[in-house]
Amino acid sequence: MSIARIGIVGSGIMGSGIAETAATSGFEVVLRSRNQSTADATLAAIEKSLNRQVEKGKRTETERDEALARVSGTSNLAALKDTDLVIESVVEDLAVKKELFNELDRITKDGTILATNTSTLPVVELAMQTGRPDRVCGVHFFNPAPVMSLVELVRPITASEETLAAVRTFAEACGKTPVTVKDQAGFVVNALLFPYLNNAVRLYEQGVASIADIDTAMRGGCGFPMGPFALLDLVGLDTSLAILDALYHEFKDPNYAAVPLLRRMVAAELLGRKSGQGFFDYRS
Ligand code: 3HC
């Protein structure tokens, strides 16, 4: 099970970041978006990110050009036929992902490993949509994917050792440190992180401190690189709400019940960086 050619489905923050990571690590990448214009916009975003790295002296122009030459964008799922590993990174909606896995199973060659970047949904349910449940697993990157060193390798009860080993080798070739986790909502990081983020919103609702002061407190008091509100804005409030809802659905633990303000902000389309405004304003 050697992996050279990667398919990425989804062109959001994570799909784009994973595509950049794989391309700069020497893998051929086919990025599939719902339409050609969003695929093109994602390729442009990857180019911009690589240009910044060249300006900072972290990459040469040749490395940038070689990485860009390895990525292509398409709106056609059938273009993923000859990939060795597909990483799905579409919206956190089980029905959407199930349909996609069913389609990927029909389209890709027999040996292709199908992986999901989900952070909370049951990977086994996606595996069972396919005729190859032994070749389905989770590979959970963190935001921003080119920078964060962790990958959670998610082992559904159906996956084979060979599948996990091949995806581990891929993650390591991307310069990441993988940890193997059980197929349970939130795995390790989000199971611990999201009660904290949710409770930060609760503290603000209770009037304990301002948004800026809560962020300052957690940076200065705990040494975190970002405060909880800056991090919620980075992850996206819609994604954060979907993660909390999935955690609550699985465990019924009140710690995972999304604080009302978070739900209201998503309803108001205040989604964080991606919409220009969340707990902070990014429009200027
Ligand atoms: N793409 C590529 N490189 C990026 C980047 C991006 N999107 N964002 C930042 N970088 C690079 C910069 O080029 C810079 O590199 P350099 O130091 O070598 O020049 C480095 O990262 C640091 O960036 P900055 O100096 O601009 O800013 P910071 O020092 O504030 O670092 C940060 C930014 C890396 C995002 C840092 O604040 C951080 O680590 N924050 C915590 C992020 C975190 O917790 N992520 C996990 C979220 S949970 C998750 O993803 C799970 C999911 O399921 C929701």
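Residues numbered from 1 in each chain as written. Predicted model: local features only at pLDDT ≥ 70, side-chain atom pairs only at ≥ 80, totals over all residues. Heavy atoms only, no water.

(A) How the structure looks around the overall build of the protein. A tally of helices and strands in the protein yields 11 helices and eight strands. Relative to the compact-globule value of 19 Å for 284 residues, the protein shows a C-alpha radius of gyration of 19 Å, a close match. Residues classed as buried in the protein amount to 47% of the 284 residues present. For the protein, the exposed surface amounts to about 13000 Å²; the carbon and sulfur share of it is 52%. For the protein, the centre of its 29 positive side-chain charges and the centre of its 35 negative side-chain charges are spaced 1 Å apart. (Helix = DSSP H or I, 4+ residues; strand = E, 2+ residues; numbered from the N terminus. Rg over C-alpha atoms; globule rule 2.2 N^0.38 Å. Buried < 20%, exposed > 50% of the residue type's maximum accessible area, 1.4 Å probe, protein only. Areas by Shrake-Rupley, 256 points an atom, 1.4 Å probe, with all protein chains shown as cover. Lys, Arg positive; Asp, Glu negative; His and termini not counted. Charge placed at Lys NZ, Arg CZ, Asp CG, Glu CD.)

(B) Expanded view of the domain arrangement of the protein. With domains assigned, the protein is organised as domain 1 (5-182) and domain 2 (190-267). If you average the C-alpha positions of domain 1 and of domain 2, the two centres end up 27 Å apart. Taken together, the eight residues of domain 1 in the interface contact seven residues of domain 2. Approximately 590 Å² of surface area, both sides summed, lies buried where domain 1 meets domain 2, with 63% of it carried by carbon and sulfur atoms. Our count for the domain 1 to domain 2 interface comes out at zero salt bridges. Viewed at the interface, domain 2 and domain 1 are joined by one residue pair in polar contact (both at pLDDT 80 or more). Tallied by class, residues from the side of domain 1 that touches domain 2 come to three nonpolar, four polar and one charged. (Domains from an automatic or database assignment. Contact = heavy atoms within 4.5 Å. Buried area = accessible area lost by both parts, 1.4 Å probe. Salt bridge = Lys/Arg side-chain N within 4 Å of Asp/Glu carboxyl O. Polar contact = N/O pair within 3.5 Å; in protein donor to acceptor, adjacent residues only side chain to side chain. Nonpolar A, V, L, I, M, F, W, Y, C, P; charged D, E, K, R; others polar.)

(C) Structural context of the site of the ligand. Of all residues adjacent to the ligand, which total 19 residues, the nearest are Lys56, Lys58, His140, Asn143 and Asn190. Lys58 places a polar side-chain atom, nitrogen or oxygen, 2.9 Å from an oxygen atom of the ligand. Separating an oxygen atom of the ligand from a side-chain N or O atom of Asn190 is a distance of 3.0 Å. If the ligand stood free it would expose 1000 Å²; the protein chains cover 64% of that surface. Within the residue set of the shell around the ligand, elements represented by two or more residues are helix H2 (36-55), helix H7 (189-205) and helix H9 (228-235). The class makeup of the residues in the shell around the ligand is 11 nonpolar, six polar and two charged. Two domains each provide a minimum of three residues to the shell around the ligand, namely domain 1 (5-182) and domain 2 (190-267). (Near = heavy atom within 4 Å.)

(D) Examining the sheet that holds strand S7 (residues 150-155) more closely. The strand order across the open sheet built from eight strands is S3-S2-S1-S4-S5-S6-S7-S8, with neighbouring strands paired in mixed fashion. Of all the strands in the sheet, just strand S3 (71-74) and strand S8 (177-182) have a single pairing partner and so form its edges. Strand after strand, the sheet turns through a mean of 25 degrees between neighbouring axes, direction not considered. Where strand S4 (residues 85-88) meets strand S5 (residues 113-116), four bridges bridge the pair, whose relative direction is parallel. Across the sheet, residue Glu88 finds its bridge partner in S5, namely Thr116. (Pairing = 2+ DSSP bridges. Axes fitted to C-alpha atoms, helices over the stretch in contact; angles between N-to-C directions.)

(E) A positive patch on the surface, seen in detail. Together, Lys48, Arg52, Lys56 and Lys58 make up a positively charged patch on the protein surface. With respect to the helices, strands and loops of the structure, Lys56 is situated in the loop between H2 and helix H3 (61-70). Judged by its relative accessible area of 66%, Lys56 is exposed. (Patch = residues over 30% accessible without salt bridge, like charges linked within 9 Å, V, L, I, M, F, W, Y side chains within 5 Å.)

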